[in-house]
Amino acid sequence: YGILFNIIPAIIFTFYIVKTWNGKRTKAFLWSLFCLVLLTVLYVIILSPFNYGIIRTISVASWSHVYYGRFISIAFIVVLFIFLRDTNKKVNYGILILLTLTAMGTFTSGLRAAEIGIILFTIVILIYFYIKKRINTNRVILTSVIILFSFTLILFLSNNKLKSRQDEIVKLSNLKITEISS
């Protein structure tokens, strides 16, 4: 059922969009994404609608941090690719703002897997683009600063629930693997 009504239509739609993509669609996509991300990030920062104990919650006042984290982290990856593939010497500040907002949205979601995933993915993709000489050092530095700035800003703006989730990531990084003897 899920494959027939969800996955197959999504693949067909994605294939169609990729084949017919043009500059007009890019502009419309980025403006739509910008408006959606701006509104949701502001909503999350101001009202903190997440209940971290429940995975599937859908209402205006109570969102699922898992669904939101998945959406916003995918948006971050798409915008990161657009930013890194841009070959102009002049930086597009609209894309830079959208990249910052999507990074902030991922960190405010509290979805730890998405947070760790975008950090690791960004490091790998920056190294790849740098080795292939597709980007310059300024774009690498800008991307790194955006992620650090977003994470730092969210730590100052976040509530206690989100801070405790971020602290758990630090605790996980301090774990030591010990040998298990039988």
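Structure shown above.
The structure displayed is predicted, hence computed values, not measured ones.

**Q** Help me understand the overall build of the protein chain, please; the structure alone is not making it clear to me.
**A** Across its full length, the protein chain holds 7 helices and 0 strands. Listing each helix as α and each strand as β along the protein chain from the N terminus yields α-α-α-α-α-α-α. The buried share of the protein chain, taken over its 182 residues, is 34%.

**Q** Honestly, the side chain of Ser-73 in this entry has me stumped. Any pointers?
**A** Its place among the elements puts Ser-73 in helix H3 (residues 65–85). Residue class for Ser-73 comes out buried when judged on its relative accessible area of 9%. If we ignore the near neighbours within four places in the chain, the residues touching Ser-73 are Thr-106, Ala-114 and Ile-118.

**Q** Would you take a moment to explain H3 for this structure?
**A** At 3.6 residues per turn, the α-helix brings residues three or four places apart onto the same side. In this model, H3 (21 residues) spans 30 Å end to end at C-alpha, consistent with the 30 Å of a helix rising 1.5 Å per residue. Turning to H3, its buried residues are His-65, Val-66, Tyr-68, Gly-69, Ile-72, Ser-73, Ala-75, Phe-76, Val-79, Leu-80, Phe-83 and Leu-84.

**Q** Can you walk me through helix H2 (residues 23–47) in this structure?
**A** For H2, with 25 residues, the first-to-last C-alpha span of 36 Å sits near the 36 Å given by 1.5 Å per residue. Within H2, burial applies to Leu-30, Leu-33, Val-37, Thr-40, Val-41 and Val-44. At the N-terminal boundary of H2, the capping side chain belongs to Asn-22, with an oxygen 3.2 Å from the backbone nitrogen of Lys-24. In the segment just after H2, Ser-48 is the residue with positive phi, at about 45°.

**Q** What is the right way to look at a nonpolar patch on the surface in this model?
**A** Together, Ile-116, Ile-119, Leu-120, Ile-123, Ile-127 and Ile-131 give the surface a local cluster of nonpolar side chains, amounting to about 540 Å² of exposed area. Inspection of the secondary structure puts Ile-127 in helix H5 (residues 112–131). The partly exposed category is assigned to Ile-127, whose relative accessible area is 47%.

**Q** Any chance you could explain the packing of H2 against helix H4 (residues 93–109) here in plain terms?
**A** What describes two packed helices is the angle between their axes and the distance between those same axes. Relative to each other, H2 and H4 sit at 40°, their axes nearing to 9 Å. As judged from the angle between their axes, H2 and H4 are oblique. The chirality of how H2 crosses H4 is left-handed. Between H2, through Leu-30, Leu-33, Phe-34, Val-37, Leu-38, Val-41, Val-44 and Ile-45, and H4, the contact on the second element is made entirely by Ile-95, Ile-97, Leu-98, Leu-101, Thr-102, Met-104, Gly-105 and Thr-108.

**Q** Mind showing me how you'd approach the nonpolar core here?
**A** Nonpolar side chains tend to gather and get buried jointly when the protein is soluble and globular. By size, the foremost hydrophobic cluster in this structure holds 31 residues, and its most contacted members are Val-37, Phe-76, Phe-83, Leu-84 and Leu-99. Put simply, the parts of the chain that give this core at least two residues each are H2, H3, H4, H5 and helix H6 (137–157). Ignoring any residue separated from it by four or fewer positions in sequence, one finds Phe-83 in contact with Val-91, Ile-95, Leu-96, Leu-99, Arg-139, Leu-142 and Thr-143.

Cut-offs and rules
The residue numbering used here restarts from 1 in each chain and proceeds along that chain's sequence as written. In keeping with the predicted nature of the model, local features appear solely for residues at pLDDT of at least 70, side-chain atom pairs appear and are counted solely at 80 or more, and the whole-chain, interface and lining totals rest on all residues. Each side-chain value is worked out from all heavy atoms of the structure, with water and hydrogens disregarded. Numbering of helices and strands runs from the N terminus, with a helix taken as a DSSP run of H or I at least four residues long and a strand as a DSSP run of E at least two residues long. Buried, partly exposed and exposed residues are distinguished by accessible area as a fraction of the type maximum, computed with a 1.4 Å probe on protein chains only: under 20%, between the cut-offs, and over 50%, respectively. By definition, residues are in contact when any of their heavy atoms lie within 4.5 Å. Helix span, as expected, comes to 1.5 Å for every residue beyond the first. N or O atoms within 3.5 Å of each other form a polar contact, as long as, within protein, one can give a hydrogen and the other can take it, and as long as residues adjacent in sequence are counted only when both atoms are side-chain atoms. Exposure above 30% relative accessible area and no salt bridge define the residues that can form patches, which grow by joining like charges within 9 Å and nonpolar side chains of Val, Leu, Ile, Met, Phe, Trp and Tyr within 5 Å. Method for areas: the Shrake-Rupley scheme with a 1.4 Å probe, in which residue coverage is limited to the protein chains shown. Throughout this description, the term salt bridge denotes a Lys or Arg side-chain nitrogen within 4 Å of a carboxyl oxygen of Asp or Glu. Here the axes come from fitting lines to C-alpha atoms, over the contacting stretch only for helices, and the angles between their N-to-C directions go from 0 to 180 degrees. Here the word oblique covers every angle except those under 35 degrees (roughly parallel), over 145 (roughly antiparallel) and from 65 to 115 (roughly perpendicular). Helix crossings are classified by the rotation of the near helix relative to the far one: an anticlockwise turn of less than a right angle makes the crossing left-handed, while a clockwise turn makes it right-handed. To qualify as a nonpolar core, a set must consist of buried Ala, Val, Leu, Ile, Met, Phe, Trp, Tyr and Cys residues joined through side-chain atoms within 4.5 Å.

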